[in-house]
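Breakdown of the fold
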Amino acid sequence: MIMIAFSAISISILLVLGIVMYVRVSASSRQEMTQSTKKLIEQTGESLEDYLVNMRQISDAVYYNVVKENDFSSKDNSIQRGMNLLYEANKKSLRSIAIYNNYGSLVAAEPIALQKEDPDITKQDWYVQAVNERENMHFSTPHIQNLFQDAAFRYYWVISLSRVVEITDHGEPQFGVLLVDMDYSGISRMMKQINKSSNGQYFYLCDSNGQIIYHKRQIQISNGIFKENNIAAAKYKDGIYDETFGGEHRKVLVNTISYTGWKLIGVIPYSAFTHGMFDMQYFIVMLVLLMTMMLAVINRIVSVRISSPILKLKDSVMEYEAGEKPDIYIGGSLEIRHLGYSIQRSYEQIDTLMNKIVLEQNERRKSELDALQSQINPHFLYNTLDSITWMIEGERNDDAVCMISELAKLFRISLSKGRTVISIKDELQHAKSYMNIQKIRYKNFFSIVFDIDEEICSCCIVKLVLQPILENAINYGVSVMDDGGEIKVSGKKEGGNIILSVSDNGVGMSEEDVKLILTDSRRVHTRGSGVGLVNVNNRIQILFGKEYGLIVESEPDVGTIVSIRIPEVTYTEENRERLERGNYLAGK
């Protein structure tokens, strides 16, 4: 128990330390990942801003160096040459440059291409935005460039930069719209470079209204297979946010791209924070297991040093309790030695007290038996002498002689040299002498039968237990019958016990009287000795224990059976002395 307690405490502390360490490392790793993601977003944002600034510079160059400096009615093609120069210098990031008048008609374009007949330019989003907000430049969301005919039927994804410009035609100023189509693949390449993580982290780009410009799962989003929280994210200011979307807890990092209002957004699911923590988890688990094993060994050594003297002390105490007389173990620490000395002194005192108590109990039991027996002897003498008196007065000398002879036998067994335990044979002889006296007294008004197994005659019994039962059978059973009655005494072995029964066919008793007959000694005071069955039951239980004694069965107008239940103990001097000393109960 000591080792288990120490180990449990140690393991609990180690687990707490392991959890704290893991939480601290996890928090540090989460913070580090968040900061590195923030730096990556800032660097990518700067690259996007550079890209967009370059587009703006191209737009400014077209406007201020080409459009403003020339009249579109001139025949020297200076506008076209200027646009061509700018296109060739930046064609890696450009798809086309076009200028439209206020009617939506194409004025100039580079590279030179025929405009399709289908599109109504004035209804295009980029044209409408430029006209409605003339003071600003406008960046569109990605779309397929479908303004010009392409003999190879190639169509490109572009982002359109549009602005209102002032053009001169035949010396007359009028407004027009400058359109610069940027190649979307440049932005796509930048976004793909930062979306190579395999831990669930990703980045996407949207405009200020939440319209997706780039997303690694853009096709799934357009098909409704995947959802993104882009509308809400577009309203976030630059910073780091915690959000729950689609049942997933995640961190969202937002960075606004200058000039455009675009939002570069990084998403880190919380599962990504633990993605790279397996090695740390393994390390912490192995560390905890190693420390646990070391502490278990140390706890075992400590607990053995503490518990070994206690266990030896316990074993010596258990041997003592088992009846042996070993020396109480004295060893170990000062406290345990003191405890051993105290237990040894306690047992010595207990032995002294127990011997004293046993002696006192034996004396008390002997006194109780003598007191109970003294209640019976005067009764015998009184009744018998009274009967002899009226026999002599009635000149029934033979009956008087017979009664005196039986009385002599009765008192010989009653005295029994002061013994309390006699053989069943002597107790039966006492009962027969008593019944012979009663038959003379009652003029053979009833009959008596003895049916005893010979094998029980050599067993022990408390003397003078049958006589009070027979007396009750006569006084309360058959004496009140008109035609006399029959009393039967039987004895046999039954399951290691001896059963002696006295039955009569007299008037019997009610169930209530049967319940009270062994608990209320006052019920027999009207006739007889005044001692009755309570006395007999008490004497048997004093010698043999509470599980033995009398059992009374009776039914009105049928008769009564009183059974004596005692253990089977062969009558020898050794057993008799053991019973009279009270060692029978102690042995049990």
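Check the entry above for the structure.
As a starting point, this report considers the structure included with it. Every chain is numbered on its own, with residues counted from 1 as its sequence reads. Where local features are concerned, this predicted model is filtered to residues with pLDDT of at least 70; where side-chain atom pairs are given and counted, the filter is 80 or more; whole-chain, interface and lining totals use all residues. Computation of side-chain values: all heavy atoms of the structure, hydrogens and water removed.

1. Side note on empty space enclosed by the protein
The condition is simple: Only protein atoms enter the 1 Å grid used here, on which a cavity is any set of points holding a 1.4 Å probe that cannot leave and a pocket is any open set flanked by protein within 12 Å on both sides along at least five of seven lines; residues with an atom within 4 Å of a point are listed as lining. Grid points are joined across faces, edges and corners, and a volume is the space filled by probe spheres set on the points. Each residue gets one label: Ala, Val, Leu, Ile, Met, Phe, Trp, Tyr, Cys and Pro are nonpolar, Asp, Glu, Lys and Arg are charged, and the others, such as Gly, are polar.
Counted according to the given criterion, the structure contains 4 cavities of 30 Å³ or more. Reported here for the second largest cavity is a volume of approximately 40 Å³. Around the second largest cavity, the lining residues are Gln 124, Trp 126, His 143, Gln 145, Asn 146, Leu 147, Ser 160, Leu 179 and Asp 181. The class makeup of the residues in the lining of the second largest cavity is 3 nonpolar, 5 polar and 1 charged.

2. Some points on the sheet that holds strand S16 (residues 497-504)
Applicable threshold: Criterion used throughout: strands pair if DSSP finds at least two bridges between them. Numbering of helices and strands runs from the N terminus; a helix is a DSSP stretch of H or I covering at least four residues, while a strand is a stretch of E covering at least two. What counts as an axis is a line fitted to C-alpha atoms, over the stretch in contact for a helix, and the angles between N-to-C directions run from 0 to 180 degrees.
What the 5 strands build is an open sheet, ordered S13-S15-S16-S18-S17; its pairing is mixed. In this open sheet, the two strands that pair with only one neighbour each are strand S13 (447-452) and strand S17 (549-555). Pairs of neighbouring strands in the sheet enclose a mean axial angle of 15 degrees, with direction left out of account. Relative to strand S18 (residues 559-567), S16 runs antiparallel, the two being bridged by 8 bridges. Residue Leu 500 lies in a different strand from S18, and its bridge partner there is Ile 564.

3. Quick look at the nonpolar core
Operational definition: For this analysis, a nonpolar core means a set of buried residues of the types Ala, Val, Leu, Ile, Met, Phe, Trp, Tyr and Cys, connected via side-chain atoms within 4.5 Å. In this scheme, a residue with accessible area under 20% of its type's maximum is buried, one over 50% is exposed, and one in between is partly exposed, where area comes from a 1.4 Å probe on protein chains only. Note on contacts: a residue pair qualifies if any of its non-hydrogen atoms lie within 4.5 Å across the two residues.
Ranked by size, the top nonpolar core spans 55 residues in total, and within it Leu 470, Ile 487, Ile 540 and Ile 564 carry the most contacts. Per element, the largest residue contribution to this core is 7 residues, and it comes from helix H11 (residues 424-441). Each residue touching Ile 487, except ones within four places of it in the same chain, is listed here: Met 435, Phe 446, Ser 447, Ile 448, Val 449, Leu 470, Ala 473, Ile 474, Val 478, Val 502, Ser 503 and Asp 504. In terms of nonpolar packing, the next biggest core, distinct from the first, is built from 46 residues, Leu 52, Tyr 63, Ala 108 and Met 190 among them.

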